[in-house]
Structures are given as C-alpha cells and as structure tokens.
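Structure assessment
Here is how the chains run, residue by residue.
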Amino acid sequence: MRSAVQQKIPCVFLTQVKDQPSTKREHQMFRVVATETLNPSAVSADVQSALATEKLDGTCCYVTNYKGVPYLWARLDRKPTKQAEKRFKRHIFAKGHSNEFVWNVDEDFKSVPDVWIPAKEIKHCNGKPYPDENGHIPGWVPVECGNRQYCWHSNAVNYEAGVAIILKPHKDNLEGLEICLVQLSELLEQTVELIGTNINGNPYGIGSKKHPIHLLIPHGIFHIKDLPLIQHNSLVSWFGGCPEGKVEGIVWHCRNGSLIKLHRHHLGLCWPIPDPFLNSKPVTITVDLSKYECDCTSDSLLNKLSKKTTQIFDSLKDIVLEDVQ
C-alpha cells in the first residue's frame, strides 16, 4: 500500500535538536538528529512490517482536478507573517515546543492565491485550516502553463494530451528505469516527486542548463529490498556501506496508511553524495507521441524525449538531448 504525501512526515526515531550548524540547510544554526529510540507513532503503525521505499530528493507535487480536468499541483505552504513568526519562535524558545501556541489564522498568515487549496488531513479550527507544529499550513496551487514560477513543473506535463513524463522501474526489467508517458487521470489523488535539472541543486545530475530535464516519480514506487531491522546502528551501516543505501532517505508506507521517514541527515550522514543509487541503473526512454493528439513545440521536453524513444542510456546523468530541428 502506498500513501499520498500531504503533510510533514515524522521521523522513525525520536529526534533532538543540537546546537550545531545544520548539514542540510545553509544558515540554519541547529541540527535535528535521530536518537536511538523508535518514535512511538512508528511503533504503533507497525513500521517494522511496512513497505520501505526510497525517499527522493525533489519537490512534492499533487495530481487532482482543476477546471474539470486532471492537473499537476505544486506545493505551496501558507506561512506566517514576520511578526507572527517572531511570536512563534519566542514561544518555542521559552517552552521548547510549539504546543499551546495560539494562532490567529485570519491575521497571522501571508496571503495565498485564490486557487490555493489546503493539503488533505490537516487540522481545522472553526472550519479553517490550522497550522502544523512547524507553523505552516501545507497546501497546493495548480501548475498553469505560462506561470514562470512553476515552469519546471510545466516541463513534465502536457495538458493538451493529458499526460505526465514519468520515471519508474522498467516494466520488463526491475533493475532498470523507464521514462514514459502516463495519463494524468491515472495519477489522480496521488502525490509525486519532481526531480531534475533545476530542482534542489540536481543531486542526480540530470540534464543540462541548455537542455533541462524534469521528471515526475509517483511516491512509493521505488521499493527498498533487504533493509535491515530498524535499529539506529544497523541503518547507519546500511546507508554507509551498501550500494542500495546511497539514497537521500527512506519512507515507510505503513498498513494503516501512515508514512514514516528517515533522512541521512538525521543520522549525521551527508547528502548529496557522489553516484546515488538512482544513477546506478540503465534508463530506457519510451515516449511515443504517435498515441497522443497534441501540438508539441520543437523545443519542448516531450518532443525531445520522443526523438530518443527506444534508446537505452547507462544512467539518468548520461541522457543527452540535442536541439530538435
């Protein structure tokens, strides 16, 4: 069972804050690290028997209807104003947690576009979406063509044909990858990860500045095999010593629908790293536009990939796209 990622996911271990510069976020002067104690929420969700999947380094997106048709939506959290954020941080500094902090949802948060929708399953107070423990209200906005803020999201979809450019395990060879087209209607109410040239520093080395490549990956699609028992030392060894451990992290999809995660940074391990596991697999491109009625521009990613259909590359970083005449 795979669950959609609508909110912040708890760590599999209880965490603590250390007064040391973050290895994950520049200018953040503290680190959140995992203790050796399993998180009670992970225990209650029976995480030991959950489906372990690779956590991918991109940006989270959501597929749902907009104007009556399936659309890709970008993550946009509603964040507090500067004054409200200062009050929130003072409270956390004094109490050590965000419990009991009272928000004025109407006045304490920045405005969002009219088309913004809150993420599913977030708390509501007096009928209004209420912030999480981080002081954010998770939500989504539709990725409309022509919106420069989300141009890389648009790179991976074509609404005329109703398709998304997907990276997934190869249908005939699970040790390989496949770039193909999937109807957006098949992804409805699912969350996906956008990775590529201009996303999060491009840890997978995909595409180039002249020929950027952006791909969508349904969450939970890359299963992790032979993961050791969920213990602190065992997982440190797995991340550091196994080829399959060269990933940003793990997301467990529990039978009760819960999601639990572990990031390399929780264990004091670096990311990004050279040669991540995703780059160890050959990639086949199967983008056949003859099945779809759409007018793609010559410089669109969809058109460029279609010129490479049936070709096999040694890895994602080896895919080279030329100008299409």
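Further up the page is the structure itself.
The shown structure was predicted, so the numbers you read here are calculated from the model rather than taken from an experiment. (Residues numbered from 1 in each chain as written. Predicted model: local features only at pLDDT ≥ 70, side-chain atom pairs only at ≥ 80, totals over all residues. Heavy atoms only, no water.)

On to the side chain of Ser-98. Checked against the element boundaries, Ser-98 lands in the loop between helix 2 (82-95) and strand 6 (117-118). Here Glu-133 takes part through its backbone oxygen, which lies 3.2 Å from a polar atom of the side chain of Ser-98. Those residues in contact with Ser-98 that lie beyond four places of it in its chain are Phe-88, His-91, Ile-92 and Glu-133. (Helix = DSSP H or I, 4+ residues; strand = E, 2+ residues; numbered from the N terminus. Polar contact = N/O pair within 3.5 Å; in protein donor to acceptor, adjacent residues only side chain to side chain. Contact = heavy atoms within 4.5 Å.)

Another aspect to go through is unusual backbone geometry. With an omega dihedral of 5 degrees, the bond running from Trp-271 to Pro-272 counts as a cis peptide bond. Of note in the backbone geometry, Lys-67 takes a positive phi value of approximately 55 degrees without being a glycine. Following the sequence through the fold, Lys-67 ends up in the loop between strand 4 (59-66) and strand 5 (69-75). Even without being glycine, Asn-202 reaches a positive phi, approximately 55 degrees.

Turning our attention to the pattern of salt bridges. One pass over the structure, following the stated rule, counts 11 salt bridges. The partner of Arg-75 in a salt bridge is Asp-77, and the shortest N-O contact between them spans 2.8 Å. Relative accessible area serves as the criterion here: at 21%, Arg-75 is assigned to the partly exposed category. Here Asp-77 falls in the buried class, since its relative accessible area comes to 15%. Taking the shortest distance from any N to any O, the salt bridge between Asp-275 and Lys-317 comes out at 3.3 Å. In this pair, Asp-275 sits in the loop between strand 16 (259-263) and strand 17 (283-286) while Lys-317 sits in the segment after strand 18 (312-313), placing the two residues 42 residues apart along the sequence. Taking relative accessible area as the criterion, Asp-275 reaches 48% and is therefore assigned partly exposed. (Salt bridge = Lys/Arg side-chain N within 4 Å of Asp/Glu carboxyl O. Buried < 20%, exposed > 50% of the residue type's maximum accessible area, 1.4 Å probe, protein only.)

Let us look at the environment of Thr-81. Counting through the fold element by element, Thr-81 comes out in the loop between strand 5 and helix 2. As for Thr-81 and Ala-45, which are separated by 36 residues in sequence, their C-alpha atoms are 35 Å apart. Sequence-distant contacts of Thr-81, defined by excluding residues within four places in its chain, comprise Glu-107, Asp-108, Phe-109 and Lys-110.

Leu-72, Trp-103, Val-157, Tyr-159, Ala-164 and Leu-216 are the most contacted members of the largest nonpolar core, which totals 41 residues. Take this core: its biggest share by element is 5 residues, from strand 4. Aside from chain neighbours lying at most four places away, what touches Val-157 is Leu-72, Val-163, Ala-164, Leu-184 and Leu-216. (Core = buried A, V, L, I, M, F, W, Y, C linked by side-chain atoms within 4.5 Å.)

Attention now goes to the packing of aromatic side chains. Applying the stated criterion across every chain, the model contains 10 aromatic pairs. Ring centres of Tyr-66 and Tyr-71 lie 5.1 Å apart, and the angle between their planes is 75 degrees; on these two criteria the pair is classed as edge-to-face. Grouping residues by exposure puts Tyr-66 and Tyr-71 together as buried. Here the aromatic cluster, defined as three or more aromatic residues joined through ring pairs, consists of Tyr-66, Tyr-71, Trp-73 and Tyr-159. For Arg-75, the ring lying beneath its charged end belongs to Trp-140, and the centroid distance is 5.4 Å. (Phe/Tyr/Trp six-rings, centres within 6.5 Å; stacked < 30°, edge-to-face > 60°. Lys NZ or Arg CZ within 6 Å of the ring centre and 35° of its normal.)

Scanning the model with the defined rule gives 0 disulfides in all. Free cysteine: Cys-11, not disulfide-bonded; nearest cysteine sulfur from Cys-254 at 13 Å. (Disulfide = S-S within 2.5 Å.)

As a further point, take helix 4 (residues 232-241). Taken together, the buried positions of helix 4 are His-232, Leu-235, Trp-238 and Phe-239. End-on, the buried residues of helix 4 take up no more than an arc of 130 degrees, which puts them together on one face. Those residues of helix 4 that are exposed and angled more than 90 degrees off the buried face are Asn-233, Gly-240 and Gly-241. (Arc of directions from axis to C-beta.)

As a further point, take the sheet that holds strand 16. Spatially, 3-15-16 is the arrangement adopted by the 3 strands of the open sheet, whose pairing is antiparallel. Each edge of the open sheet carries a strand with a single partner, namely strand 3 (51-55) and strand 16. In this sheet, neighbouring strand axes are inclined to one another by 25 degrees on average, regardless of whether the strands run parallel or antiparallel. As judged from the 5 bridges shared by strand 15 (residues 249-253) and strand 16, these two strands associate in the antiparallel manner. Pairing of His-253 across the sheet is with Leu-259, part of strand 16. Set on the sheet, helix 4 makes contact with strand 15 and strand 16; between it and strand 15 the angle comes to about 125 degrees. (Pairing = 2+ DSSP bridges. Axes fitted to C-alpha atoms, helices over the stretch in contact; angles between N-to-C directions.)

The pairing of strand 12 (residues 177-183) with strand 17 spans 4 bridges and is classified as parallel. What sits directly across from Glu-178, in strand 17, is Thr-284. Across 2 bridges, strand 17 lies against strand 18 in antiparallel orientation. Counterpart to Val-283 in the pairing with strand 18 is Phe-313.

Note that Thr-191 resides in strand 13 (residues 191-196). According to the relative accessible area criterion, Thr-191 is buried, its value standing at 2%. There is a polar contact of 2.8 Å between the side chain of Thr-191 and the side chain of His-219.

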